[in-house]
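Residue-level structural notes
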Amino acid sequence: MLEFTTSPLPNPTSPEERAAAMASLGFGTLFTDHMVTIRYTEGQGWHDAVLGPRQPIPLDPAAAVLHYAQEIFEGLKAYRMPDGSVASFRPQANAARFNQSATRLAMPHLPEELFVESIRQLVAADAAWVPDADKGSLYLRPFMFASEAFLGVRPAREYIYCVIASPVGGYFKGGKSTVTLWVSHDYVRAVPGGTGAAKCGGNYAASLQPQAQGIAQGCDQVLFLDAVERKWVEELGGMNVMFVFNDGTIVTPPLNGSILPGITRESLSAVAAEAGYTLKEQPYSFDQWQEDAKNGRLKEAFACGTAAVITSIGEVRSTHGNFVIGNGDGGEVARTLREALVGIQLGKRPDTHGWMTTLA
Ligand SMILES: *Cc1c(COP(=O)(O)O)cnc(C)c1O
């Protein structure tokens, strides 16, 4: 495997400054001292793996990413374990998904061991930035973009892969226990045959205008319907969605090519089974959702993803009607699953699936 060189930090953060910065954690505003950078050149492959100071990246104004958006990313967390070590949850799954995204965006694959090693290098250097388990975690953001200076339209021949890290607390402001969703009937996030199943920045760009509309309606997040019939629930801008019924079944929409295959979503299928629930992949329409919420067949709904873990949906608004889910206060199933999953992630419950990887 590629050897990493370490370039020294000119101004390491002092322990006092770090403690002050980490006293109240938000999401994605505070960053650690280091970053990893690896370069790719066609014909040469991956080279120049560096663990160095976090700093701006010089970029030619013709760099392909700035024009044609060849960019992918991942999101995973490193957690403080009870024995003081640091571990992350299924980083190999993020490595594999990163390469699936790379394929769709016509970008080179990064060897999975190099992906995991890059995270290990960064977390080892920035271990002091991993919050205590009761305060939060270290959010890791690996990403890759086309750096070649060329305005013609074809896959670029040069790329930069980076990893940065951010100590985080809760994803939603104010630690609210439920979120209000805006269901967009005007815009879609992804189309069949498009890039919806790839974790690329472009998908997020497409979600921001509807997100702004949702915020203007007093909502926290947008839920998107399918692009063809505008009928079937797909997912949120950055999280998958699950529905809990009064017979104990949990339903999530099947991966149809335009839904992002969440690692939380997949892991919950095992966690739910262990907690005595059956998770089914089944299409679910907006109209049925509204009806089930009103007739009481639907008990709970929640969003799931690495950043916000499991977040109950209290209320839904849209131009086709507003409704409350359960008593609007979240529910028992979401709480049970969250505790089970977070218990594994923080090393407080047995890791029977071999999901945890020690990093530092
Ligand atoms: C990242 C992401 C998710 C959640 O994936 P996890 O692996 O569970 O974090 C869901 N939907 C979209 C659009 C995403 O980008």
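The preceding data block contains the structure.
Residues numbered from 1 in each chain as written. Predicted model: local features only at pLDDT ≥ 70, side-chain atom pairs only at ≥ 80, totals over all residues. Heavy atoms only, no water.

Here the focus is the site of the ligand. What surrounds the ligand is a group of 15 residues, the closest being Lys199, Tyr204, Glu235, Thr264 and Thr306. Interatomic distance of 2.5 Å between a side-chain N/O atom of Glu235 and a nitrogen atom of the ligand. Between the ligand and the protein, one listed contact pairs a nitrogen atom with a backbone N or O atom of Met239 at 3.4 Å. Relative to its unbound accessible area of 380 Å², the ligand is 97% covered by the protein chains. (Near = heavy atom within 4 Å. Polar contact = N/O pair within 3.5 Å; in protein donor to acceptor, adjacent residues only side chain to side chain. Areas by Shrake-Rupley, 256 points an atom, 1.4 Å probe, with all protein chains shown as cover.)

Here we take up the nonpolar core. By size, the foremost hydrophobic cluster in this structure holds 41 residues, and its most contacted members are Leu140, Met144 and Tyr161. Of all the elements in the fold, those that place two or more residues in this core are strand 2 (34-41), strand 3 (45-53), strand 5 (76-80), helix 3 (91-104), helix 4 (112-125), strand 7 (137-146) and strand 8 (158-168). Per element, the largest residue contribution to this core is six residues, and it comes from helix 4. Not counting residues up to four positions away in its chain, the partners in contact with Leu140 are Glu74, Gly75, Leu76, Lys77, Ala78, Ile119, Leu122, Val123, Ile164 and Ala165. (Core = buried A, V, L, I, M, F, W, Y, C linked by side-chain atoms within 4.5 Å. Buried < 20%, exposed > 50% of the residue type's maximum accessible area, 1.4 Å probe, protein only. Helix = DSSP H or I, 4+ residues; strand = E, 2+ residues; numbered from the N terminus. Contact = heavy atoms within 4.5 Å.)

Right, let's talk about the packing of helix 3 against helix 4 for a bit. Two elements in contact, helix 3 and helix 4, have axes separated by 9 Å at closest approach and are oriented at 125 degrees. Classified by the angle their axes make, helix 3 and helix 4 are oblique. Note that helix 3 runs across helix 4; the crossing there is right-handed. For the pair helix 3 and helix 4, the contacting residues are Pro91, Gln92, Asn94, Ala95, Ala96, Phe98 and Asn99 in the first and Glu112, Phe115 and Val116 in the second. Here the contact of helix 3 with helix 4 is built from residues that sort into six nonpolar, three polar and one charged. (Axes fitted to C-alpha atoms, helices over the stretch in contact; angles between N-to-C directions. Parallel < 35°, antiparallel > 145°, perpendicular 65-115°, else oblique. Left-handed = near helix turned anticlockwise from the far one by under 90°. Nonpolar A, V, L, I, M, F, W, Y, C, P; charged D, E, K, R; others polar.)

This part takes up the layout of surface pockets. Taken as a whole, the second largest pocket spans an internal volume of roughly 650 Å³. Lining the second largest pocket are 31 residues, with Gly170, Ala308, Val309, Arg338 and Val342 sitting closest to its centre. Mapped onto the lining of the second largest pocket, the elements with two or more residues apiece are strand 5, strand 16 (309-317) and helix 8 (332-345). The leading source of residues in the lining of the second largest pocket is helix 8, at five residues. Partitioning the lining of the second largest pocket into residue classes produces eleven nonpolar, twelve polar and eight charged. Taken domain by domain, the lining of the second largest pocket gets at least three of its residues from each of domain 1 (5-170) and domain 2 (174-345). (1 Å grid on protein atoms, 1.4 Å probe; cavity = no way out; pocket = protein on both sides within 12 Å on 5 of 7 lines; lining within 4 Å. Points joined across faces, edges and corners; volume = space filled by probe spheres on them. Domains from an automatic or database assignment.)

Tallied over the entire structure, the rule returns one cavity of 30 Å³ or more. If you trace the largest cavity, you find 13 residues lining it, with Tyr79, Phe89, Thr264, Thr306 and Gln345 closest to the centre. It is strand 5 that contributes the most residues to the lining of the largest cavity, three residues altogether. A breakdown of the residues in the lining of the largest cavity according to their chemical character gives six nonpolar, six polar and one charged. Domain assignment of the residues forming the lining of the largest cavity places at least three in each of domain 1 (5-170) and domain 2 (174-345).

Looking now at helix 8. Helical geometry note: an α-helix holds 3.6 residues per turn, so side chains three or four residues apart project in the same direction. For helix 8, which comprises 14 residues, the first-to-last C-alpha distance of 20 Å matches the rise-based estimate of 20 Å (1.5 Å per residue) to within 8%. Within the span of helix 8, buried status applies to Val333, Ala334, Leu337, Ala340, Leu341, Gly343, Ile344 and Gln345. Downstream of helix 8 by one or two residues, Gly347 has phi in the positive range, about 75 degrees. (Expected span 1.5 Å × (residues − 1).)

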